[in-house]
Amino acid sequence: MKILTIAWKDTTIRFRDRNALILMVLAPLVLSAIIGSAFGGFWNGSDPVPFDAIPVLLINQDDGEMGQQFEEILTSDALGDLLAVTVMADETAAREQVQRGEARAAIVIPDGFSEAVSGDVAETAESPALVQFYADPSATVTPNIVRGVVTQIVNGFNSAAISSEVTVAQLTAEAATLGPALADLGTVLQAEMQSRFNEGQPVVISLNDVPVGETEETADISPFAFFAPSMGILFLMFSMMDGTRSILEEEQEGTLSRLISTPTSHLEIILGKIGGVFLTGGLQFVVFVAASALIFQLNWGNSLLGLAMLTLAVVLSLTSLGALIAAFARNASQAGILGTVVTLVFAALGGTFVPAQNFPPFLQELSKITVTRWALDGFTDLTVYGLGAADVVLETAVLFGLSLIFVALALWQFQRRLAK
Amino acid sequence: MSTIVEVKDLRKQYNPPDGVTAVRGVSFAIRQGEIFSLLGPNGAGKSTTISMLSCLLTPTSGDAIIDGHSIRQDPKQVKQVIGVVPQEIALYDTISARENLEFWGKMYGLSGDKLKERVTEVLNIAGLIERANEKVATFSGGMKRRINIAVGLLHNPKVLYMDEPTVGIDPQSRRRILDTVQELNDQGLTVLYTTHYMEEAEELSDRIGIIDHGKLIAVGTQDELTEMIGQYDTVQLDVGESTEANGTLVSHLAGLPGVHQADGEGESVMVQAEDANQVLPRILQTVAEHGRSIRRIEIKEPNLEAVFLHLTGRALRD
């Protein structure tokens, strides 16, 4: 109870401070707007944004050569950076995995696919062979990308059926040119496919798009989708460092001694102080998310659970990191300097200003020591890729793990410090 | 009267074994319902003593029993029965006086109607009920001091520790605080008061402990303490040159008729006499005969400062 009283008192004081409010909410909104606008071209231009491979399931029910070739194309190294394909046999199980958000899409090559492509059947068939495509309706972007690639391959097989000259290598190369696609990839490919229709090419293979579950409204990628979370995290970190420093300020101002002179344990006092910073940070980020959604129409993804999990983990990890720094700093002034340095280094290394995926490999690995990198990876999964809660479990778990370590060390040191 | 605070050979050394020893075996007892003052110059060990009695610092050795509870064995129970008014203003500036009091009340375990009732009562004691909803930051130093005291009273403590509560405030606010302390004591509250102002100790205290360099050098009522030096006036002279080089001056002063004792330290000479006014002309003449010029002269009637001077050879304000 006393922990909550201390935490609520600190939160009240923080939110009544006009300067703190500017730092906590207004500054990240303004900065993400400016940087997002300035780097808009980066996102829409020729430089592709690097993606992690998209999890896709493949069920090949065709016994023939063409089905095998389709599988080889999808699992080829050329598409390896884009798609993480798992081959499985059970179509129902695959659909369920997509429905649970464990994969973004499932592709089913039907029995008789090879015959449709290579045999006389193709020219006389009244209805084309159907490649089934099951998409995760909760994801906004990645299914479009996968759909675009599969459409391109299907399109290639249609051409092959006509000319009999297109090789697997050609098809692979063609699909690989897609690279890490952006949001409008699907549109581009569909346009290309349409142009082939217009050229009068007969269609022997068709893509049957089957959503597994309720379809939700999709959103375009906006530069704000990256920069809003990154600025939000940066200023959250500033705010958390400032908040945890207040423990040392109370030490200097005498209120900490007064707290200790009341029948309140050291542990209650420290947890109350840390709890206040956590509460403040949580509210700060919720206000920031709501404001950015209202002002910039930023879509924070379709998974409220994922957003809540990740926000909780990010705020807790930054709070505990701030507490750790405060615990080992000599005084509030030193904690302020250390906190600023750590915030800026973590921001730069963690990919706040430039996505970490653009770093050289060694720096990409190094960036994983920062809370910022894990936080940004998680939010990028939600806001840029439109992924679900299951996709941010790793980031959330890592952040909770770091929080536990930081909090344990901070509590140990603070207890030592207060026991004079 | 029964004893409510019993301090037994309390010691505190910071960063042992080489650190500074701030309190060197202090023992005293405070009776229920009395005002006990610890009088001493800055750095004498008053705040360290009160911090140990508040369970903020762990004694290096020794113990204290507060209302039957040991500060070493049972600090939580001790904290329930003591109220602490620290030397610094330990309040949150950006929230109101009422919000401050409600917060601190909750820290003492108060809640609900009892909390509201006590907050109103202590605001009345502080004389700030009209300004209860204003931010503490808008208060004068004296008003902040009064709220600082009010916090220590919230949970109706049996003993109130007040660590130099009048430092840095105007005479009017000081007067109000001293009156408040007296009123609280009249209502039965036991007070441990630390100060380096002799006048405050003289005015408030039932008994006084004189502390210097971490040692309690005398304890008693004001009368008992002044009797230690007899009914002598003290004439303190600043002769502008080390008296070590003028040993004959001190011995000549000691031999003057009506002079009880003369001591020299640095540039000062202290002369104890039955009637300072009567011996003063002879003192001035003797100093002149030794070729010394007097830069400052002060006559003190028997009081705590003279006691301190007598016991330590230094003035209280040094």
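My aim in this report is to walk through the structure given alongside it, one point at a time. Quantities reported herein were computed from a predicted structural model and do not represent experimental measurements. (Residues numbered from 1 in each chain as written. Chains lettered and ligands numbered in written order. Predicted model: local features only at pLDDT ≥ 70, side-chain atom pairs only at ≥ 80, totals over all residues. Heavy atoms only, no water.)

## Observations concerning the overall build of chain B
And step 1. Assigned secondary structure in chain B consists of 11 helices and 14 strands.
And step 2. Residues classed as buried in chain B amount to 53% of the 318 residues present.
And step 3. Of the contacts formed within chain B by residues at least 6 apart in sequence, a portion of 69% connects residues at least 24 apart.
And step 4. A total accessible area of about 13,600 Å² is found for chain B, and carbon and sulfur atoms account for 44% of it. (Helix = DSSP H or I, 4+ residues; strand = E, 2+ residues; numbered from the N terminus. Buried < 20%, exposed > 50% of the residue type's maximum accessible area, 1.4 Å probe, protein only. Contact = heavy atoms within 4.5 Å. Areas by Shrake-Rupley, 256 points an atom, 1.4 Å probe, with all protein chains shown as cover.)

## Observations concerning the overall build of chain A
And step 1. Tallying secondary structure elements over chain A gives 18 helices and five strands in all.
And step 2. A total of 420 residues make up chain A; the buried ones form 55% of that total.
And step 3. In chain A, once contacts between residues fewer than 6 apart in sequence are set aside, the share between residues at least 24 apart is 82%.
And step 4. Counting only carbon and sulfur atoms, one obtains 60% of the accessible surface of chain A, whose full area is about 17,600 Å².

## Focus: helix α13 (residues 266-296) of chain A
And step 1. With 31 residues, α13(A) should cover 45 Å at 1.5 Å per step; its first-to-last C-alpha distance of 44 Å lies within 8% of that length.
And step 2. Following α13(A) by one or two positions, A:Q297 has its phi on the positive side, about 50°. (Expected span 1.5 Å × (residues − 1).)

## Some details on the interface of chain B and chain A
And step 1. On the chain A side, the residues contacting the 29 residues of chain B number 19 residues.
And step 2. Interface of chain B and chain A: buried area, both sides summed, is about 2,200 Å²; carbon and sulfur atoms make up 63% of it.
And step 3. By the criterion of area lost to chain A, the three top residues of chain B are B:L56, B:Y92 and B:M107, representing 30% of everything that side buries.
And step 4. Summed over the shared surface of chain B and chain A, the result is one salt bridge.
And step 5. Of the charged contacts in the structure, one is a salt bridge between B:E99 and A:R16, with a shortest N-O distance of 2.6 Å.
And step 6. Where chain B packs against chain A, one counts nine residue pairs in polar contact (both at pLDDT 80 or more).
And step 7. Those elements that place two or more of their residues in the side of chain B that touches chain A are α2 (75-81), β6 (82-85), α3 (97-107) and α5 (141-153) of chain B. (Buried area = accessible area lost by both parts, 1.4 Å probe. Salt bridge = Lys/Arg side-chain N within 4 Å of Asp/Glu carboxyl O. Polar contact = N/O pair within 3.5 Å; in protein donor to acceptor, adjacent residues only side chain to side chain.)

## Points about the pairing of strand β3 (residues 35-39) of chain B
Residues and elements named next belong to chain B.
And step 1. Among the five residues that make up β3, five are buried, leaving the element largely enclosed by the rest of the structure.
And step 2. Across the two faces of β3 the burial is the same, with I35, S37 and L39 and F36 and L38 all buried.
And step 3. Where β3 and strand β8 (residues 190-195) come together, five bridges link them in parallel fashion. Bridged to S37 within β8 is Y193.
And step 4. Note: β3 against strand β9 (residues 207-212), four bridges, orientation parallel. Opposite F36, over in β9, you have R207 as the bridge partner. (Pairing = 2+ DSSP bridges.)

## As for the packing of α3(B) against helix α4 (residues 112-126) of chain B
Residue and element names in this part refer to chain B.
And step 1. Where α3 contacts α4, the two axes come as close as 10 Å, and the packing angle between them is 125°. On the basis of their axis angle, the class for α3 and α4 is oblique. The two elements α3 and α4 cross, and the hand of that crossing is right-handed. Contact with α3, carried on its side by A97, R98, L101, E102, G105 and K106, involves L115, V119, T120, V122 and L123 of α4 and no other residues of that element.
And step 2. Residue composition of the contact of α3 with α4, grouped by class: six nonpolar, two polar and three charged. (Axes fitted to C-alpha atoms, helices over the stretch in contact; angles between N-to-C directions. Parallel < 35°, antiparallel > 145°, perpendicular 65-115°, else oblique. Left-handed = near helix turned anticlockwise from the far one by under 90°. Nonpolar A, V, L, I, M, F, W, Y, C, P; charged D, E, K, R; others polar.)

## Overview of the packing of aromatic side chains
Each pair of aromatic rings is reported with the distance of its centres and the angle of its planes.
Residue and element names in this part refer to chain B.
And step 1. Scanning the model with the defined rule gives 11 aromatic pairs over all chains in all.
And step 2. An angle of 5° between the planes, with centres 4.8 Å apart, marks the rings of F28 and F36 as stacked. For the pair F28 and F36, one class covers both residues: buried.
And step 3. Ring geometry for F103 against W104: centres 5.1 Å apart, planes inclined by 70°, an arrangement best described as edge-to-face. Just as F103 is buried, W104 falls in that class too. (Phe/Tyr/Trp six-rings, centres within 6.5 Å; stacked < 30°, edge-to-face > 60°.)

## Describing the sheet that holds strand β2 (residues 21-31) of chain B
Residue and element names in this part refer to chain B.
And step 1. Read from one edge to the other, the open sheet built from four strands follows the order β2-β1-β4-β5, with strand pairing classed as antiparallel. The sheet is open, and its two borders are formed by β2 and β5 (69-70), each paired with just one other strand.
And step 2. Relative to β5, strand β4 (residues 61-66) is paired through two bridges, and the arrangement is antiparallel. In the strand pairing of β5, I65 is matched with S70.

## Side note on the sheet that holds β8(B)
All names here are of chain B.
And step 1. If you walk across this open sheet you meet the six strands as β6-β7-β8-β3-β9-β10, and the pairing is mixed. Since the sheet does not close on itself, it has two edges, and those belong to β6 and β10 (215-220), each with one partner. Adjacent strand axes in the sheet meet at a mean angle of 15° when their direction is disregarded.

## Thoughts on the pattern of salt bridges
Side chains that differ in sign of charge can pair as their charged atoms come close.
All names here are of chain A.
And step 1. As enumerated under the stated definition, the model contains 22 salt bridges over all chains in all.
And step 2. Residues R14 and D242 are paired through a salt bridge, measuring 2.9 Å at the closest nitrogen-oxygen approach. Residue R14 is found in helix α1 (residues 2-15), and its partner D242 is found in helix α11 (residues 223-253); the two are separated by 228 residues along the sequence.
And step 3. Judged by relative accessible area, which is 14%, R14 ranks as buried.
And step 4. Connected through salt bridges with shared partners, the residues K9, D10, E250 and K273 form a single ionic network.

## Considerations on the packing of helix α14 (residues 304-328) of chain A against helix α17 (residues 371-383) of chain A
Residues and elements named next belong to chain A.
And step 1. Closest axis-to-axis distance for the α14/α17 pair is 10 Å, and the angle between their directions is 165°. The angle between the axes of α14 and α17 places the two elements in the roughly antiparallel class. As α14 runs across α17, the sense of the crossing is left-handed. Along its contact with α14, which presents G306, L307, L310, T311, V314, S317 and L318, the element α17 presents V371, A375, G378, F379 and L382.
And step 2. A per-class count over the contact of α14 with α17 returns eight nonpolar, four polar and no charged.

## A short note on the side chain of A:T352
And step 1. Note that A:T352 resides in the loop between α15 (332-350) and α16 (361-366).
And step 2. Not counting chain neighbours up to four residues away, the residues in contact with A:T352 comprise A:F226, A:F227, A:S230, A:M231, A:L234, A:A347, A:T372 and A:L376.

## A look at unusual backbone geometry
Residue and element names in this part refer to chain B.
And step 1. A cis amide bond links P16 with the next residue in sequence, P17, at an omega value of 10°.
And step 2. Looking at where P17 falls in the secondary structure, it is placed in the loop between β1 (3-13) and β2.
And step 3. Backbone geometry at N15 places phi at a positive 45°, although glycine is not the residue there.
And step 4. Within the element layout of this structure, N15 appears in the loop between β1 and β2.

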